Every structure is written in C-alpha cells, then in structure tokens.
Amino acid sequence: MIVTTKKLFEHAYGQYAIGAYNINNLEQTMGLFKGNVQSKAPFIVQLSKGARSYTHKKMLESMMKTADEIFPESVFAIHLDHGDEETCMDCINSGVYSSVMIDASHHPLEKNIEITKRVVDAAHAKGLVVEAELGLLKGIEEDVVAADHVYTKPEEAEYFVKQTGVDSLACAIGTSHGAFKFKGDQKLRFDILVEIQKRLPRFPLVMHGSSSVPKDEVARINAAGGNIKGASGVDADQFLGAAKLGVTKINIDTDGRLVWCRVHREFFRDHPEMFDLRDPGKVFIPEYAAFIAAKNVKLGSAGRLDAVRAACK
Ligand code: G3H
Ligand code: 13P
Ligand code: ZN
C-alpha cells in the first residue's frame with residue numbers, strides 16, 4: 001500500500017523512526033521490499049535525481065507500482081530525495097510519488113522559503129507531502145558542495161515551517177552524506193533537535209546522512225580487493241534517541257552501496273570462473289533484505305507494520 005509520509009510520521013512520532021532507503025535498480029528493489037516485509041516494517045523508498053537518470057524515471061516508477069502489486073502486505077511511501085523545483089514538479093505530476101523533497105537549502109533563507117512554498121502549494125493540491133531542508137550538510141548533496149556544516153538554527157526552523165507550510169524538515173546536526181563522515185569521534189548536535197522540538201512540538205524532523213558505515217563491512221570490501229580508507233559513519237544506537245526528539249525519518253543510502261560492493265567483490269573473488277550477473281544477484285538480494293531488516297530493528301520500525309496499516313486505512 002502506497003501512503004504519504006505524513007501518515008507514517010504521525011504513527012512514528014516520538015517512538016521510532018521510519019527507514020528511508022535509496023534504491024537504483026531491480027535487485028535493490030527486490031531486497032528492499034523483502035527486507036521490510038520480513039521485518040514487518042513500514043518504510044520509505046527514496047529515488048534521487050541520480051537514480052532517476054541512471055535507471056530512467058519511468059522504469060523506477062513502474063518498478064515501484066509493480067512492487068506494490070508483488071508485495072501487497074507492504075506499506076510504504078515513494079519519495080523524491082533532494083529534488084530541485086523542476087524535478088519536484090515532475091514527480092508531483094507523475095501520479096506515482098506520495099512525497100517529494102525540495103532541497104533549496106543552499107539558497108538564502110527567504111529564497112529557500114519562496115521555492116519551498118511553490119512546491120508545497122503544488123504538492124498539497126495533488127495530495128502529496130513535502131520535505132524541505134534548512135542548514136547544510138558538509139560534503140556533497142546532489143549538485144551542491146559545502147566545505148563545512150552549517151547547522152540548522154532552531155529559530156529559523158520555526159519561522160521556515162510556519163512560512164512554507166512544509167510537512168517535514170531535514171535538519172543539519174552534524175551528519176553528512178557518503179562513507180567519510182567523521183574524523184575522530186562523531187559529534188552530533190542533538191541539542192539542536194531539543195530546541196527545534198520545543199519550538200515545533202510534534203513536527204516531523206528528518207536526519208540525512210545517517211549510514212553507519214560498519215567497520216567490518218569496509219574491512220571485508222578491502223580484503224576482497226577494495227581500497228576504502230578512513231571511512232566512518234553514524235552510530236545506529238543513536239537512532240532511537242533521535243526519534244524521541246522528533247526525528248521520524250532516517251536516510252540510508254551508503255550502507256546499502258557497501259553491501260552491494262562487498263557481495264560483488266567477494267563473489268567474483270571466490271568464483272573467478274563465473275560471469276552471469278544473476279549469480280551474484282541471487283546472493284545480493286537476500287543479503288540486502290537482511291541488511292534492511294537489521295536496520296529496521298535499530299530504527300524501531302520493525303514489527304510496526306500491522307499497526308501502521310490499520311492506522312493508514
Ligand atoms: O543524498 C544523496 C543520496 O545518497 C543519493 O545519492 O545522488 O548519488 O543517487 P545519488
Ligand atoms: P548516507 O550517505 O549516510 O547513506 O545518507 C543518505 C541520504 O541522506 C540520502 O538523502
Ligand atoms: Zn540526503
């Protein structure tokens with residue numbers, strides 16, 4: 001069942017977070033749906049601009065509609081990740097997405113508000129919901145590069161939400177995209193979440209850049225011929241603490257890419273005579289499903305499916 005993130009967030013608020021997983025292809029789609037059904041979790045499929053051009057937007061949209069038929073027990077939102085205005089409008093008009101993210105966070109505040117408001121008006125008119133972003137995550141976010149964190153200011157968050165009517169807000173609290181998030185100890189600014197929650201009670205917040213980049217996964221990749229040095233991520237034991245402070249959506253992409261990389265490197269290292277893409281694919285799909293199911297346990301979304309389905313009807 002395809003739902004809006006609004007429904008999912010209402011159920012999750014203050015208790016647990018919904019996993020928002022980026023996918024690009026068929027094997028990830030199969031693993032994603034299987035993992036969420038196995039762990040009985042509601043979830044969010046995230047399609048980025050990069051994914052929409054790699055696999056073709058129509059192919060991805062068809063796969064999502066078909067996955068809904070193949071896995072009738074699943075409850076999920078189809079969400080555009082880090083959209084610009086043009087891509088948001090395309091997704092709003094597609095009839096497939098239930099949620100879009102407008103990421104105008106690299107613009108000055110008033111310009112961010114102006115762009116976000118246009119997307120909110122268009123989305124709400126068609127029954128979709130909107131995530132926006134305030135603050136900048138260090139590193140690369142789609143086409144934008146930030147040399148350092150620009151943390152979200154709680155007073156601006158309150159003003160921004162009231163001006164735009166947006167449904168959820170991605171906040172910069174020290175996470176970043178990719179596999180190289182922290183040098184030394186991780187420093188997340190949960191104090192910012194506390195302040196935002198005081199100003200915006202029960203308003204859903206989003207944590208981007210939340211992959212954990214497990215050390216053992218990176219070690220296995222490197223042992224199978226990889227060369228990923230100095231990688232580190234977010235401690236997944238912090239997810240429930242973030243959820244209590246209003247984080248209802250936690251974005252994970254990099255960790256899934258690491259699973260893909262490890263499975264394929266190890267497979268071809270151990271089977272140098274093989275070349276059929278389906279052979280590693282048959283290993284990857286259940287491995288990716290197990291990865292999703294384990295992540296859902298950390299997020300607290302595992303086991304919530306029946307209650308969420310009842311609440312969404
Ligand atoms: O935040 C970005 C996501 O990890 C998507 O990455 O733009 O390479 O598809 P991508
Ligand atoms: P990671 O790179 O930490 O997986 O973050 C993904 C993300 O925020 C997608 O929007
Ligand atoms: Zn992101």
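Above: the structure in question.
Residues numbered from 1 in each chain as written. Chains lettered and ligands numbered in written order. Predicted model: local features only at pLDDT ≥ 70, side-chain atom pairs only at ≥ 80, totals over all residues. Heavy atoms only, no water.

Draft legend 1. Spatial organisation of unusual backbone geometry. The phi dihedral of Lys 40 is positive, around 55°, even though this residue is not glycine. Tracing the sequence through the fold places Lys 40 in the loop between helix 2 (26–38) and strand 2 (43–48). When its relative accessible area of 38% is taken as the criterion, Lys 40 is described as partly exposed. A positive phi angle is found at His 56, which is not glycine, with a value near 75°. Inspection of the secondary structure puts His 56 in the loop between helix 3 (49–54) and helix 4 (57–70). (Helix = DSSP H or I, 4+ residues; strand = E, 2+ residues; numbered from the N terminus. Buried < 20%, exposed > 50% of the residue type's maximum accessible area, 1.4 Å probe, protein only.)

Draft legend 2. Layout of the layout of surface pockets. One number sums up the size of the largest pocket: a volume of about 470 Å³. As for the largest pocket, its lining consists of 25 residues, of which His 177, Gly 178, Asp 253, Thr 254 and Arg 257 are closest to the centre. Sorting the residues of the lining of the largest pocket by element identifies strand 2, strand 3 (76–83), strand 6 (139–141), strand 10 (247–252) and helix 11 (254–270) as the ones contributing at least two each. Per element, the largest residue contribution to the lining of the largest pocket is four residues, and it comes from helix 11. Partitioning the lining of the largest pocket into residue classes produces six nonpolar, 13 polar and six charged. (1 Å grid on protein atoms, 1.4 Å probe; cavity = no way out; pocket = protein on both sides within 12 Å on 5 of 7 lines; lining within 4 Å. Points joined across faces, edges and corners; volume = space filled by probe spheres on them. Nonpolar A, V, L, I, M, F, W, Y, C, P; charged D, E, K, R; others polar.)

Draft legend 3. Spatial organisation of the packing of aromatic side chains. One pass over the structure, following the stated rule, counts seven aromatic pairs. Here Phe 43 and Phe 76 contribute two aromatic rings whose centre-to-centre distance is 5.4 Å and whose plane-to-plane angle is 15°, an arrangement assigned as stacked. With Phe 43 in strand 2 and Phe 76 in strand 3, this pair connects stretches of sequence that are 33 residues apart. Residue classification places Phe 43 among the buried positions, given a relative accessible area of 0%. Taken together, Phe 33, Phe 43, Phe 71 and Phe 76 form an aromatic cluster joined through their ring pairs. Cation over ring: Arg 189 sits above Tyr 151, and NZ or CZ is 4.9 Å from the ring centre. (Phe/Tyr/Trp six-rings, centres within 6.5 Å; stacked < 30°, edge-to-face > 60°. Lys NZ or Arg CZ within 6 Å of the ring centre and 35° of its normal.)

Draft legend 4. Examining the nonpolar core more closely. By size, the foremost hydrophobic cluster in this structure holds 69 residues, and its most contacted members are Leu 32, Phe 33, Val 45, Val 100 and Leu 169. Ranked by the residues each element gives to this core, the list is headed by helix 12 (residues 278–299), at six residues. Excluding its chain neighbours within four sequence positions, the residues that come into contact with Leu 32 are Tyr 21, Ile 23, Phe 43, Val 45, Tyr 288 and Ile 292. Val 3, Leu 8, Tyr 16 and Ala 77 belong to the second largest nonpolar core, which has 13 residues in total. (Core = buried A, V, L, I, M, F, W, Y, C linked by side-chain atoms within 4.5 Å. Contact = heavy atoms within 4.5 Å.)

Draft legend 5. View of the pairing of strand 1 (residues 18–22). A large share of strand 1 lies buried, amounting to five of its five residues. Judged by which residues are buried, strand 1 turns out to be covered on both faces: Ile 18, Ala 20 and Asn 22 on one side and Gly 19 and Tyr 21 on the other are all buried. Direction of pairing for strand 1 relative to strand 2: parallel, over a ladder of four bridges. Its bridge partner being in strand 2, Gly 19 is matched across the sheet by Phe 43. The parallel pair strand 1 and strand 2, bridged by helix 2, forms a crossover whose chirality is right-handed. (Pairing = 2+ DSSP bridges. Right-handed = clockwise from strand over helix to strand, strands pointing away.)

Draft legend 6. View of the packing of helix 2 against helix 4. Look at helix 2 against helix 4: their axes get within 11 Å of each other, and the N-to-C directions meet at 30°. The orientation of helix 2 with respect to helix 4, classified from their angle, is roughly parallel. Here helix 2 runs over helix 4; the crossing is right-handed. The segment helix 2 lies against helix 4, with Leu 26, Thr 29 and Phe 33 engaging Met 63, Met 64 and Ala 67. Grouping the amino acids of the contact of helix 2 with helix 4 by side-chain chemistry returns five nonpolar, one polar and no charged. (Axes fitted to C-alpha atoms, helices over the stretch in contact; angles between N-to-C directions. Parallel < 35°, antiparallel > 145°, perpendicular 65-115°, else oblique. Left-handed = near helix turned anticlockwise from the far one by under 90°.)

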